[in-house]
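Observations on the model geometry
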Amino acid sequence: MATVMLQVLLALAPGTLAYAWFFGPGVLVQIGLATVFALVYEAIMLRWRGRSLRPFINDYSAVVTAVLFALCIPPLAPWWISCIAMLFAIVFAKHLYGGLGQNVFNPAMVAYVVVLISFPQVMTAWLPPLSIAEHDLGLSGSLVAIFTGQVPVAGGWDVVSQATPLDVIKTGTESGTVVPELLLSPVFGHIGGVGWEWIAAGFILGGIFLLYRRVISWQVPVALMGSVLLLSLPFWILEPELN
C-alpha cells in the first residue's frame, strides 16, 4: 500500500509544481498544513481504536488525502480550513467507516464538500495567475494571509483575488456575452485558463505515469472524460457561442 500511495504522490508532483509556479507558494503551504492535521487526526484515531501507529501512519494514505484536498482549495485559504477539513476526512469519512478501504466516499472530497458548504466565501477567494496579478505576495505574504486572514497589501482581498475562468464564463454568458468574446479576457490562455492549462497538463502526465505503472486502469478516466464529452457535446452543437 505504501508503494502505491508514494506513486500517487509522485504522479501529483508535476501538476503541483505547475500550480506553485503560476499561482505562488500558497498551495505548498496548504499541502503542508493539511498533511500535519491529517497525520495528527490519523494518530489520534489509531490510538482510540487500539491500532498500532507505525504500519498505518507509514502507508501514506493520510498524506494522499491531505494533498488531494489542498489542491482543491484556494492557495490562501485560512489555516483552520485544513484543520476542520481533515477532521471530517480522517475521523468521519475514513475511520468511522472502518479505516482504509472501508470508506464509502473519498475522504478528501468529503472534506472539500464540508468546507465548501460551510464557508463558501472563504472557498471562493481564488488568486489570479502571477503573470496577470497586480501583487505577488510571495512566501512571506502568503504565510501572513493564511495564518492571519489579512493580506499585506492596500485594498486587501479585493485586489489580490479574482474570478476563476469558469466564473468568468458563467457570469458572462448569463449577462448575454458570447463565449468567443469572453475568451479574450486575460484570464484565458490558448486552451483554458492561464496557468490552469499547464496545471492540467501536469496532472495528465501524472495520470499517464499511473497508467504505465498499472496503479490505475484506463477504464475509469476514459469513462469519466467520455461521459463529460457525451453530455456536453450536444449543448455545444446547439449553442456553440454559449457553451
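Anything mentioned here points back to the structure above.
Cut-off values and rules
- Residues numbered from 1 in each chain as written.
- Predicted model: local features only at pLDDT ≥ 70, side-chain atom pairs only at ≥ 80, totals over all residues.
- Heavy atoms only, no water.
- Phe/Tyr/Trp six-rings, centres within 6.5 Å; stacked < 30°, edge-to-face > 60°.
- Helix = DSSP H or I, 4+ residues; strand = E, 2+ residues; numbered from the N terminus.
- Buried < 20%, exposed > 50% of the residue type's maximum accessible area, 1.4 Å probe, protein only.
- Patch = residues over 30% accessible without salt bridge, like charges linked within 9 Å, V, L, I, M, F, W, Y side chains within 5 Å.
- Areas by Shrake-Rupley, 256 points an atom, 1.4 Å probe, with all protein chains shown as cover.
- Salt bridge = Lys/Arg side-chain N within 4 Å of Asp/Glu carboxyl O.

1. Some words on the packing of aromatic side chains
Summed over all chains, the structure comprises seven aromatic pairs. Seen from their ring centres, Tyr19 and Trp196 are 5.5 Å apart, and the 65° between their planes marks the pair as edge-to-face. With a gap of 177 residues between them, Tyr19 in helix α1 (residues 2-23) and Trp196 in helix α11 (residues 196-212) connect regions that are remote in the sequence. What makes Tyr19 buried here is its relative accessible area of 1%. Centroid distance Trp80 to Phe119: 5.0 Å. Interplanar angle 70°. Geometry classified as edge-to-face. Note that Trp80 is positioned in helix α5 (residues 79-92) and Phe119 in the loop between α6 (107-118) and α7 (138-148), a separation of 39 residues in sequence. Classification of Trp80 as partly exposed rests on a relative accessible area of 29%. Of the residues examined, Phe119 reaches a relative accessible area of 23% and is grouped as partly exposed.

2. Quick look at a nonpolar patch on the surface
Together, Trp79, Leu139, Leu143 and Phe147 make up a nonpolar patch on the protein surface, roughly 370 Å² of accessible area in all. Among the elements that take part in the nonpolar patch, α7 stands out by supplying three residues, more than any other. You can see Leu143 is positioned in helix α7.

3. Thoughts on the environment of Lys170
Turning to its location among the elements, Lys170 is positioned in helix α9 (residues 165-174). By relative accessible area, Lys170 is classed as partly exposed at 48%. Considered as a pair, Lys170 and Val194 are 24 residues apart in the sequence and their alpha carbons are 17 Å apart.

4. Description of the pattern of salt bridges
Scanning the entire structure with this criterion turns up one salt bridge. One salt bridge connects Lys94 with Glu42, and the closest N-O pair in it is separated by 3.0 Å. Here Lys94, found in the loop between α5 and α6, pairs with Glu42, found in helix α2 (residues 26-48); they are 52 residues apart in sequence, far enough to count as distant. Taken individually, Lys94 and Glu42 each receive the classification buried, so the pair is uniform in this respect.

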